[in-house]
Amino acid sequence: MGDILITDDERDIRELISDILKDEGFSTRMAANADECMGAIAAEKPALMILDIWLKDSHMDGIDILSKVKKDHPEIPIVIISGHGNIEIAVAAIKQGAYDFIEKPFNIDQLLVVIKRAMETSRLRRENIALKRSDGPTAEMLGDSATFRIMKSQLDKVTKSNGRVMLTGGPGAGKEIAARYIHANSNRADAPFVVVSSASIDPDRMEEVLFGREGTERGLEKGLLEQANGGVIYFDEIADMPLGTQTKILRVLVDQKFSRVGGSDVIEVDLRVISSTNRDLNAEIEAGNFRQELYHRLNVVPIEVPTLEERRDDIPLLAEHFIAELNKSQGLPMRALSEDARAMLQTMIWPGNVRQLKNVIERVLILGDSSEPISAKELPNVEESAATEGRIVLSGALATLPLREARELFEREYLLTQINRFGGNISRTASFVGMERSALHRKLKSLGVVTTSKAGARIAQIEQD
């Protein structure tokens, strides 16, 4: 996107403007009518457009083209020129999104000033959008477990469509990263990605934040929906949205238009909608907390983001990624993971999922010895004194059982943990625990442990009677 598209039905005018802009170092293209203009935009988006309002022998006039381009490519600045200018036409052009309006015959210096300002404004807007994106999580997806590969395959299938996606999964599982991955690999990657944090917005201000407001002391304020026009709007934890706002969002999804709070103008938007939740929305619907119609509109393509416990194979890879990331962003020490730390990380309980894992790694890097690999005793819930003495911590419940029952309970929990750590792979589990595969199968049968398939991976669980 680096040239200026000049559309005017008068050949002398468009050639004059083109020659002047070329002398100033700009590259240009020219169009004589609406068809040539739209064809040029389809071939390659220009950096800026100069557009005449009155176009002879065209099925669209300049205002029609302006409206169409601003809907499909809101980032392109458009300068309107006209030999029949009046205040009504100028106001109409500005309301449709034109950067400025210039009457013919125009002063060349004035035109050049307007074009340079428009180009600079467009550049700053693009940089601002890029900075806003960099403030959030990256769109990098890391993992090699079966459950992760299945999820990523599903994400890849929806990137090129405009279908609405509902991401489900526990807190901290990476739902926003999955949403950003869809956006980054879609045909809207250069357009905004706007996050609506339903849980953090005051319910009394939700509609103003979403739809914008007119008539305030600060003038017109655009809402998040308008800011996301042409790109992706991501409703994070949609179940926290107030019922009244749900009704209005439903209408936006149906009509792709709305009015700002305090205003009457109808704003049309082109949005792709991605939502997420860690709750059972069907239960929320039954409880009267969520609109069933909205659920069906949003849940076109449901994708489950697996918990960390469902992808234990990926934990060492993720931990090493966070070590490198924190070294680069905060200057924390670049430490290796010892084998006992890897094993411990893979067997820990992670209610906070990937977010919790990153926090644990950051804490260890801040507090630990930067000259040594990360060891298991540095991780949470490990008693340093017991570990130093080569002992394990015995839970109160286990300590009250006879030896035979305690041993059976320990073996069951130990093998469940190891099998799930290795993604249900019995051969790898047998090798690690030091048993023949056939002996391990017999032991699992005696303990009532079975492996089943869930989300494309094998997991171990206690056999149900």
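My aim in this report is to walk through the structure given alongside it, one point at a time. Just so it is clear, the structure is predicted and the values come from calculations on it, not from any experiment. (Residues numbered from 1 in each chain as written. Predicted model: local features only at pLDDT ≥ 70, side-chain atom pairs only at ≥ 80, totals over all residues. Heavy atoms only, no water.)

**Examining the overall build of the protein chain**
Phase 1 of the analysis: Broken down by element type, the protein chain carries 20 helices and 16 strands.
Phase 2 of the analysis: Taking all 465 residues of the protein chain together, 42% fall into the buried category.
Phase 3 of the analysis: Sequence separation of at least 24 residues holds for 69% of the intrachain contacts in the protein chain that already meet a minimum separation of 6.
Phase 4 of the analysis: When the accessible surface of the protein chain is totalled, it reaches about 24100 Å², and 49% of it is carbon and sulfur. (Helix = DSSP H or I, 4+ residues; strand = E, 2+ residues; numbered from the N terminus. Buried < 20%, exposed > 50% of the residue type's maximum accessible area, 1.4 Å probe, protein only. Contact = heavy atoms within 4.5 Å. Areas by Shrake-Rupley, 256 points an atom, 1.4 Å probe, with all protein chains shown as cover.)

**As for the packing of helix α18 (residues 403-421) against helix α20 (residues 437-447)**
Phase 1 of the analysis: Direction vectors running N to C along α18 and α20 enclose 120°, while the axes themselves pass 10 Å from each other. When the axis of α18 is compared with that of α20, the two are oblique. Once α18 is placed against α20, the crossing between them reads as left-handed. Judged by residue contacts, Glu 408, Glu 411, Arg 412, Leu 415 and Ile 419 of α18 engage Leu 440, Lys 443, Leu 444 and Leu 447 from α20.
Phase 2 of the analysis: Here the contact of α18 with α20 is built from residues that sort into five nonpolar, no polar and four charged. (Axes fitted to C-alpha atoms, helices over the stretch in contact; angles between N-to-C directions. Parallel < 35°, antiparallel > 145°, perpendicular 65-115°, else oblique. Left-handed = near helix turned anticlockwise from the far one by under 90°. Nonpolar A, V, L, I, M, F, W, Y, C, P; charged D, E, K, R; others polar.)

**Remarks on the pairing of strand β13 (residues 272-277)**
Phase 1 of the analysis: Counting buried residues in β13 gives six out of six residues, a clear majority hidden from the surface.
Phase 2 of the analysis: The sheet contact formed by strand β6 (residues 165-168) and β13 spans four bridges and is parallel. Along β13, the bridge assignment pairs Met 166 with Ser 275.
Phase 3 of the analysis: Sheet topology note: the strand β10 (residues 232-236)/β13 ladder contains four bridges and is parallel. From the neighbouring strand, Val 232 faces β13, where its bridge partner is Arg 272. (Pairing = 2+ DSSP bridges.)

**Let's talk about the sheet that holds strand β3 (residues 48-52)**
Phase 1 of the analysis: Strands sit in the order β2-β1-β3-β4-β5 across an open sheet of five strands; the sheet is parallel. The outermost strands of the open sheet, each flanked by one partner alone, are β2 (27-31) and β5 (100-103). The mean angle between the axes of side-by-side strands here comes to 20°, regardless of whether they run parallel or antiparallel.
Phase 2 of the analysis: As judged from the five bridges shared by strand β1 (residues 3-7) and β2, these two strands associate in the parallel manner.

**Some words on the sheet that holds β13**
Phase 1 of the analysis: Sheet architecture is open: five strands sit in the order β7-β10-β13-β6-β14, paired in parallel fashion. Each of the sheet's edge strands pairs with one partner strand only, and the pair in question is β7 (193-197) and β14 (301-304). When strand polarity is set aside, the average angle formed by the axes of neighbouring strands in this sheet is 20°.
Phase 2 of the analysis: Most of the contacts of helix α6 (residues 146-158) go to β14, to which it runs at about 150°, and overall it touches β6, β13 and β14.

**Quick notes on the packing of aromatic side chains**
Phase 1 of the analysis: Summed over the entire model, instances satisfying the criterion amount to four aromatic pairs.
Phase 2 of the analysis: Ring centres of Phe 211 and Phe 258 lie 5.5 Å apart, and the angle between their planes is 50°; this geometry places the pair in the tilted category. Placement of the pair is Phe 211 in helix α8 (residues 206-211) and Phe 258 in strand β11 (residues 257-259), with a sequence separation of 47 residues.
Phase 3 of the analysis: On the accessibility criterion, Phe 211 (4% relative accessible area) is buried.
Phase 4 of the analysis: Note on Phe 258: relative accessible area 7%, which makes it buried.
Phase 5 of the analysis: Taking the centre distance of 5.6 Å and the plane angle of 55° together, the rings of Phe 422 and Phe 432 count as tilted. (Phe/Tyr/Trp six-rings, centres within 6.5 Å; stacked < 30°, edge-to-face > 60°.)

**Structural notes on helix α3 (residues 62-72)**
Phase 1 of the analysis: Within α3, the full set of buried residues consists of Gly 62, Ile 63, Ile 65, Leu 66, Val 69 and Lys 70. The arc enclosing the buried residues of α3, seen along the axis, measures out at 160°, which places them on a common side.
Phase 2 of the analysis: Next to the buried residues of α3 lie α2 (34-43), β3, β4 (78-82) and α4 (87-95). (Arc of directions from axis to C-beta.)

**Section: the nonpolar core**
Phase 1 of the analysis: Core analysis: the biggest nonpolar cluster contains 31 residues, and Leu 210, Leu 225, Ile 233, Phe 235 and Ile 249 have the highest contact counts within it.
Phase 2 of the analysis: Secondary structure elements with two or more residues in this core: β7, α8, α9 (224-227), β10, α10 (243-255), α11 (281-286) and α12 (292-298).
Phase 3 of the analysis: Not counting residues up to four positions away in its chain, the partners in contact with Ile 249 are Leu 210, Phe 211, Leu 225, Phe 235, Met 241 and Leu 294. (Core = buried A, V, L, I, M, F, W, Y, C linked by side-chain atoms within 4.5 Å.)

**A look at helix α7 (residues 175-184)**
Phase 1 of the analysis: Judged by how many residues are buried, α7 sits mostly within the fold: seven of 10 residues are covered.
Phase 2 of the analysis: Along α7, the residues that are buried comprise Lys 175, Ala 178, Ala 179, Arg 180, Tyr 181, Ile 182 and His 183.

**Observations regarding the environment of Ser 122**
Phase 1 of the analysis: By the secondary structure assignment, Ser 122 is in helix α5 (residues 108-135).
Phase 2 of the analysis: Between the C-alpha atoms of Ser 122 and Tyr 99, which are 23 residues apart in sequence, the distance is 9.9 Å.
Phase 3 of the analysis: Discounting chain neighbours no more than four positions away, the residues touching Ser 122 are Glu 75 and Pro 77.

**Looking at the pattern of salt bridges**
Phase 1 of the analysis: Per the stated rule, a full pass over the model turns up 29 salt bridges.
Phase 2 of the analysis: Here Arg 180 and Glu 176 are joined by a salt bridge, their closest N and O atoms 3.0 Å apart. Taken together, the positions of Arg 180 and Glu 176, both in helix α7 and four residues apart, correspond to about one turn of that helix.
Phase 3 of the analysis: Residue class for Arg 180 comes out buried when judged on its relative accessible area of 9%.
Phase 4 of the analysis: Put simply, Asp 240 and Arg 279 hold a salt bridge, and the shortest N to O gap is 2.2 Å. One end of the pair, Asp 240, is in the loop between β10 and α10; the other, Arg 279, is in the loop between β13 and α11, and 39 residues separate them in sequence.
Phase 5 of the analysis: Here the salt bridges share partners, and the residues they tie into one network are Asp 8, Glu 10, Asp 52 and Lys 104. (Salt bridge = Lys/Arg side-chain N within 4 Å of Asp/Glu carboxyl O.)

**As for a nonpolar patch on the surface**
Phase 1 of the analysis: A grouping of Phe 410, Tyr 414 and Phe 432 is seen on the molecular surface, where their side chains present a nonpolar patch of about 280 Å² in accessible area.
Phase 2 of the analysis: Relative to the elements of secondary structure, Tyr 414 occurs in helix α18.
Phase 3 of the analysis: Using a relative accessible area of 30% as the deciding quantity, one classes Tyr 414 as partly exposed. (Patch = residues over 30% accessible without salt bridge, like charges linked within 9 Å, V, L, I, M, F, W, Y side chains within 5 Å.)

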